[in-house]
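Overview (structure and organization)
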Amino acid sequence: MSADSKFHHGDVPADAKPIIHMEEIKKNFGNVIALNGVTFDVTPGECHCLLGDNGAGKSTFIKTMSGVHKPSSGQIFFEGTPMSFDSPREAMEAGIATVFQDLAMIPLMSVTRNFFMGREPTKGRGIARRFDLDRANEITMEEMRKMGINLRAPDQAVGTLSGGERQTVAIARAVYFGAKVLILDEPTSALGVRQTSNVLSTIDRVRKQGVGVVFISHNVRHALAVGDRFTVLNRGQTLGTARRGEIEASELQDLMAGGQELAQLEGSLGGTV
Amino acid sequence: MAADTQVQQDERVRAESFATKLMKKPELGAIGGVILVTLFFLFTADSAMFTLSGIMNFMTPAAQLGILGIAAAMLMIGGEFDLSIGSMVAFAGMVFGVFTVNLGLPLVVAIPLTMAFAAGIGAVNGSIVLKTGLPSFIVTLAGLFILRGASLVGLKIFTGGSTQLRGVRDAVEGDWLAPIFSGEAFGGLFTWLASMGLVETFKNGTPKVPGIPVEILWFIAIALVATYILLRTPAGNWIFATGGDSNAAKNSGVPVRKVKISLFMLTACAAALVAIITVIDAGSTDARRGFMKEFEAIITAVIGGCLLTGGYGSAIGAFFGAIIFGMVTIGLTYTDFDQDWFQIFLGGMLLLAVVFNNVIRKRVTGER
Ligand SMILES: Nc1ncnc2c1ncn2[C@@H]1O[C@H](COP(=O)(O)OP(=O)(O)OP(=O)(O)O)[C@@H](O)[C@H]1O
Ligand SMILES: [Mg+2]
C-alpha cells in the first residue's frame, strides 16, 4: 500500500504544542528494564503511531501515560504542566482514555456496565442519585452501531461476545470518553476487515475533532494508513521518530523488527509480510 | 467511510424465553430453595410453624443471620471474604456493653461509637488485605482468632474476671433510641388487629405476637437498600467490577481500594448492628456471641447465588438464603426429625448451591 491513503491526515504543524509530552521515561520492574529513556509526545489532531517488536515496551510505555504505572524516572507534561497521575482514574479525568491490550473488560458484567465502568451517568440528586441505566444502554447501543456492530442486547454479558466484538466495545468506550488523548494498544488485532476499516476511520474522525491519538500496531499498513508520525521502540529505547512521507513502509518494517532478521525472512516468504 | 448506523434485528439471536431470562438471575436458586423448603415443612412440620407466631419464630434468627449474610454477599461480590465477622459480633458486643454499662453512655452516643469502632477494624482488615495482596481468607482468619481472644480478654478486664457482661438491659432501659434496636415494632397495629379478631390472641385478648421483632425490619430494609445499591447506583457497578477483575476495574477508573475498604467496613458494621440488637435483647454480652456466624453468613451468601470468585451475586439472594437457614434450623423442631439433621441439611444445601451457581455462571458467560 502506498503512503497516501483515503484519509486527509492531521497536517499538524511541526511546532504545534503537545497535549502530552513524555520526557526520558524509564521504567524498571525489579531488575527488568522495560523502558530506558523514552521521549514521546502527541499534539492535538494528530495520530502518533508507536511501533515495535514484541516486548519492546510499547504497552509499558502507554501504561505510564494512562496512570497505570508510575515511571521510575522521567517527567510527564500534560498541556505544558508537569503532571503525575496516581491512578488511571486521574488520567481519565484529565481526558485520557485507553484501550488496553488486555481490554480491561469484566466478562460477567453486561456490555453497558462495562462501557460505563467507573464513569456511570447518573440521574437524580443527593440520596436519590442513581445509575441512569436507560441512558447508558442507549449510548452503548449507539456507540457500538457507529463502530459497525449491532449488539443483540446491551445487557448481554461481555463474556458472551466474540473476541472482536469485545475489542470493539473497548474501543467504542475509549473513543466515547477520550476527550483529549485516545490511546489504542493494538486495537485491531482481533478485528475483521470491515471493523478494522471502521476503527481506522474512527481514528481519523476523532483526530479531526482535535483529539491526540496514540496508536500501537504491528501492522505497518494500518499504521501508515492513519499515522502522522511514527515512533519505533526497540528494547525499551526509541529508534527514532519519522513524519509521514519521510519514511517508506519497508524501512519502517525493518526498523520494527530490529533490522536484519526480517531481511532474511523476506526471501523465503516472498515479500508477503 | 460512513459508519454503518443501520438498525436491524439480529437474525442470529433466538427470542429469549422467560425461563432463560430467569435462569440468569443469581437469586433464582435461593428463591427455588425457599419454595422447596416451605413445601417440605408444609408436609412434615406441625401446622403451628406457619402461623404468625411460628413465622416470627424462624424469621428472627433468619434476620439476625441475614443482616450478616447480606453484608457478606456484598463483600463477596466485591471479591473478598471476611471470616472475622462472627468474632466481630462478640467484640462489638463487648465494646457496646462497656460503653453502655461501664461508661453509662446513652445509646445515641454508644451506638455510633460502637459502629465507628467496628468500621475502624474493618478498615484495618481491608488495608492489610490490599497492602499485602494476601487472600482475605487468610488475613481475616487471623482476625477471627484475634477478635475472639480480644473479646474474652476484654470482658475479663472490664468485668473483673467474668466472661459475661451483664446489666445492659438496665443501662438502656427507657433510652429513646432503644425501640429502634430492640423489642417489637408496630405493637399498636397488632393490638388493633387482635381487637378486630384478625390475629390470634391469648385468652386475655392480647395478641400472641405482640409486634414484628425489629431485627426483621432491619433485615428487610437492609436487603432492599443493598439491592438498590448493587443494581441501581454507580457504587454497585464498582462493586461488581472490583470483584469481577480488580485490575481491569482499576484500569477502567474504578476506585478499587476505596470499594474494597468500604465493603470491609460495611461487613464489620453489619456485625456490630447484630451485636447491638442481640445484646440489648439478651441484656448481657459474652465472648461466645456470634460463634460460627462467619461461616453461616458465607453459606447464606453462596446459597443466595454469590460466586466464590467474586463479581457475581445478589443481596436478595442472600435474603432468601438466610430465610432458608432460619426455616431449617427452627423448622426441624416442628417435625419428628432429630434436630441434628440440621447440619447435614445445611451441608447438602451448600453443595447444591455451589454446583447450581457454577452452572448459572457458565450460562451467563456463554459457556466458555
Ligand atoms: N509487570 C511487569 N513485571 C515485569 N516485567 C514486565 C512487566 N510488564 C512488562 N514487563 C516486561 O517489559 C517488557 C516490555 O513489555 P511490554 O508489554 O511493554 O511489551 P510490548 O511492546 O507491549 O509487547 P507486545 O507487542 O507483545 O504487546 C517485556 O520484556 C516484559 O516482560
Ligand atoms: Mg503490548
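Residues numbered from 1 in each chain as written. Chains lettered and ligands numbered in written order. Predicted model: local features only at pLDDT ≥ 70, side-chain atom pairs only at ≥ 80, totals over all residues. Heavy atoms only, no water.

- Chain B is annotated in an unreviewed UniProt entry as Xylose transport system permease protein XylH of Pseudoponticoccus marisrubri.
- Among the UniProt annotations of chain B, the heading Function (unreviewed entry) holds the following wording: "Part of the binding-protein-dependent transport system for D-xylose. Probably responsible for the translocation of the substrate across the membrane."
- The Subcellular location (unreviewed entry) field of the UniProt record for chain B holds the comment "Cell membrane". (UniProt positions renumbered as here; feature names shortened; annotations may be inferred.)

- Chain A is annotated in an unreviewed UniProt entry as ABC transporter ATP-binding protein of Pseudoponticoccus marisrubri.

1. Description of the overall build of chain A
- The number of helices and strands found in chain A is nine helices and 12 strands.
- Here chain A, with 273 residues, has 54% of them falling under the buried criterion.
- Long-range contacts, defined as pairs at least 24 residues apart, comprise 67% of the intrachain contacts of chain A with a sequence gap of at least 6. (Helix = DSSP H or I, 4+ residues; strand = E, 2+ residues; numbered from the N terminus. Buried < 20%, exposed > 50% of the residue type's maximum accessible area, 1.4 Å probe, protein only. Contact = heavy atoms within 4.5 Å.)

2. Quick notes on the interface of chain A and chain B
- Contacts between the two partners involve 39 residues from chain A and, on the opposite side, 39 residues from chain B.
- Buried area between chain A and chain B, both sides added, is near 3,100 Å², and the carbon and sulfur share of it is 55%.
- Linking chain A with chain B are zero salt bridges, by the criterion used here.
- Listing elements by their share of the side of chain A that touches chain B, those giving two or more residues are α2 (88–93), β8 (130–131), α4 (133–146), α5 (163–177) and α6 (193–208) of chain A.
- Here the side of chain A that touches chain B gets four residues from one element, more than from any other, and that element is α6 of chain A.
- Of the residues contributing to the side of chain A that touches chain B, the split by class is 17 nonpolar, 10 polar and 12 charged. (Buried area = accessible area lost by both parts, 1.4 Å probe. Salt bridge = Lys/Arg side-chain N within 4 Å of Asp/Glu carboxyl O. Nonpolar A, V, L, I, M, F, W, Y, C, P; charged D, E, K, R; others polar.)

3. Thoughts on the pairing of strand β4 (residues 73–78) of chain A
Residues and elements named next belong to chain A.
- Taken together, the five bridges between strand β1 (residues 20–29) and β4 define a ladder with antiparallel strand orientation. When the sheet's bridge partners are listed, His21 is paired in β4 with Phe77.
- Sheet analysis places β4 next to strand β5 (residues 81–82), joined by two bridges and oriented antiparallel. When the sheet's bridge partners are listed, Phe78 is paired in β5 with Thr81. (Pairing = 2+ DSSP bridges.)

4. Topic: the site of ligand 1
Residues and elements named next belong to chain A.
- Close to ligand 1 lie 13 residues, the nearest being Gly55, Lys58, Ser59, Thr60 and Gln101.
- Here an oxygen atom of ligand 1 and a side-chain polar atom of Asn54 are 2.9 Å apart.
- Between ligand 1 and the protein, one listed contact pairs an oxygen atom with a side-chain N or O atom of His218 at 2.9 Å.
- For ligand 1, the accessible surface in isolation is 640 Å², of which the surrounding protein chains cover 62%.
- In terms of residue count, helix α1 (residues 58–65) provides more of the shell around ligand 1 than any other element does, three residues in total.
- Split into classes, the residues belonging to the shell around ligand 1 amount to three nonpolar, seven polar and three charged. (Near = heavy atom within 4 Å. Polar contact = N/O pair within 3.5 Å; in protein donor to acceptor, adjacent residues only side chain to side chain. Areas by Shrake-Rupley, 256 points an atom, 1.4 Å probe, with all protein chains shown as cover.)

5. Let's talk about the sheet that holds strand β10 (residues 212–216) of chain A
All names here are of chain A.
- Within the open sheet, the six strands sit side by side as β6-β9-β10-β3-β11-β12. Their pairing is mixed. The open sheet has two edge strands with one neighbour each: β6 (96–99) and β12 (237–243). Taken pair by pair, the neighbouring strands of this sheet meet at an average axis angle of 15°, ignoring direction.
- Two strands pair when backbone bridges link them, and strand β3 (residues 47–52) and β10 are joined in this way by four bridges, in the parallel orientation. (Axes fitted to C-alpha atoms, helices over the stretch in contact; angles between N-to-C directions.)

6. Considerations on the confidence of the model for chain B
All names here are of chain B.
- In the predicted model, chain B carries a mean pLDDT of 89, and 92% of its residues have values of at least 70.
- In this model residues 1–8 is a low-confidence stretch, pLDDT under 50, and it forms 14 contacts with partners more than four residues away in sequence or in other chains.
- ipTM for the predicted complex: 0.88, alongside a pTM of 0.91. (pLDDT = per-residue confidence, 0-100.)

7. Things to note about the domain arrangement of chain A
Residue and element names in this part refer to chain A.
- If you check the domain split of chain A, you get domain 1 (16–95 + 180–198 + 211–262) and domain 2 (108–179).
- Taking only C-alpha atoms into account, the centre of domain 1 sits 26 Å from that of domain 2.
- Of the residues lining the interface, 17 residues belong to domain 1; the matching set on domain 2 comes to 15 residues.
- Summing both partners gives a buried area of about 1,100 Å² for domain 1 against domain 2, and 55% of it is carried by carbon and sulfur.
- Summed over the shared surface of domain 1 and domain 2, the number is zero salt bridges. (Domains from an automatic or database assignment.)

8. Remarks on the pairing of strand β2 (residues 32–42) of chain A
Residues and elements named next belong to chain A.
- Examined bridge by bridge, β1 and β2 share eight bridges and lie antiparallel to one another. Bridging across to β2, His21 finds its partner in Asp41.
- Adjacent in sequence and paired antiparallel, β1 and β2 are bridged by two residues, among which Gly30 carries a positive phi angle near 60°.

9. Describing the coordination of the magnesium ion (ligand 2)
Residues and elements named next belong to chain A.
- Of the protein atoms, only Ser59 (OG) and Gln101 (OE1) coordinate the magnesium ion (ligand 2), at distances of 1.9 to 2.0 Å. One end of the pair, Ser59, is in helix α1; the other, Gln101, is in the loop between β6 and α3 (111–115), with 42 residues separating them in the sequence.
- Under the relative-accessibility criterion, Ser59 is labelled buried at 17%.
- For Gln101, a relative accessible area of 44% corresponds to the partly exposed category. (Donors = N, O, S within 2.8 Å, 3.2 Å for Na, K, Ca; no water.)

10. With respect to the state of the cysteines
- Taken as a whole, this structure holds zero disulfides over all chains when the rule is applied.
- Summary of cysteine pairing: Cys49 of chain A is not part of a disulfide, and the nearest cysteine sulfur, belonging to Cys47 of chain A, is at 4.2 Å. (Disulfide = S-S within 2.5 Å.)

11. Notes on the packing of aromatic side chains
- This model, assessed by the stated rule, comprises 19 aromatic pairs over all chains.
- By the ring-pair criterion, three or more aromatic residues cluster together here, those being Phe115, Phe116, Tyr176 and Phe177 of chain A.
- One residue, Arg119 of chain A, lies across the ring of Phe177 of chain A, its end atom 4.0 Å from the ring centre.
- Of note, Arg288 of chain B hangs over the ring of Phe291 of chain B, and the distance from its end group to the ring centre comes to 4.4 Å. (Phe/Tyr/Trp six-rings, centres within 6.5 Å; stacked < 30°, edge-to-face > 60°. Lys NZ or Arg CZ within 6 Å of the ring centre and 35° of its normal.)

12. Quick look at the nonpolar core
- Within the largest apolar cluster, 107 residues are counted, with the highest numbers of intra-cluster contacts made by Phe96, Leu107, Phe181, Phe219 and Val254 of chain B.
- Apart from residues lying up to four places away in sequence, Phe219 of chain B is in contact with Met59, Ala62, Ala63, Gly66, Ile67, Ile70, Phe319, Ala322 and Ile323 of chain B.
- Judged by nonpolar contacts, the second largest core, of 48 residues, contains Ile171, Leu184, Leu200 and Ala223 of chain A. (Core = buried A, V, L, I, M, F, W, Y, C linked by side-chain atoms within 4.5 Å.)

13. A closer look at a nonpolar patch on the surface
- Together, Ile31, Ile35, Leu39, Leu42 and Phe43 of chain B make up an exposed nonpolar region whose accessible area comes to about 530 Å².
- Note that Phe43 of chain B resides in helix α2 (residues 28–44). (Patch = residues over 30% accessible without salt bridge, like charges linked within 9 Å, V, L, I, M, F, W, Y side chains within 5 Å.)

14. A short note on the packing of helix α10 (residues 214–232) of chain B against helix α11 (residues 234–244) of chain B
Residues and elements named next belong to chain B.
- Their axes nearest at 5 Å, the elements α10 and α11 cross at an angle of 75°. Judged by the inter-axis angle, α10 sits roughly perpendicular to α11. Taken together, the residues of α11 that come into contact with α10 (itself represented by Ile229, Leu230 and Leu231) are Ala235, Gly236, Asn237, Ile239 and Phe240.
- Its residues assigned to classes, the contact of α10 with α11 comprises six nonpolar, two polar and no charged. (Parallel < 35°, antiparallel > 145°, perpendicular 65-115°, else oblique.)

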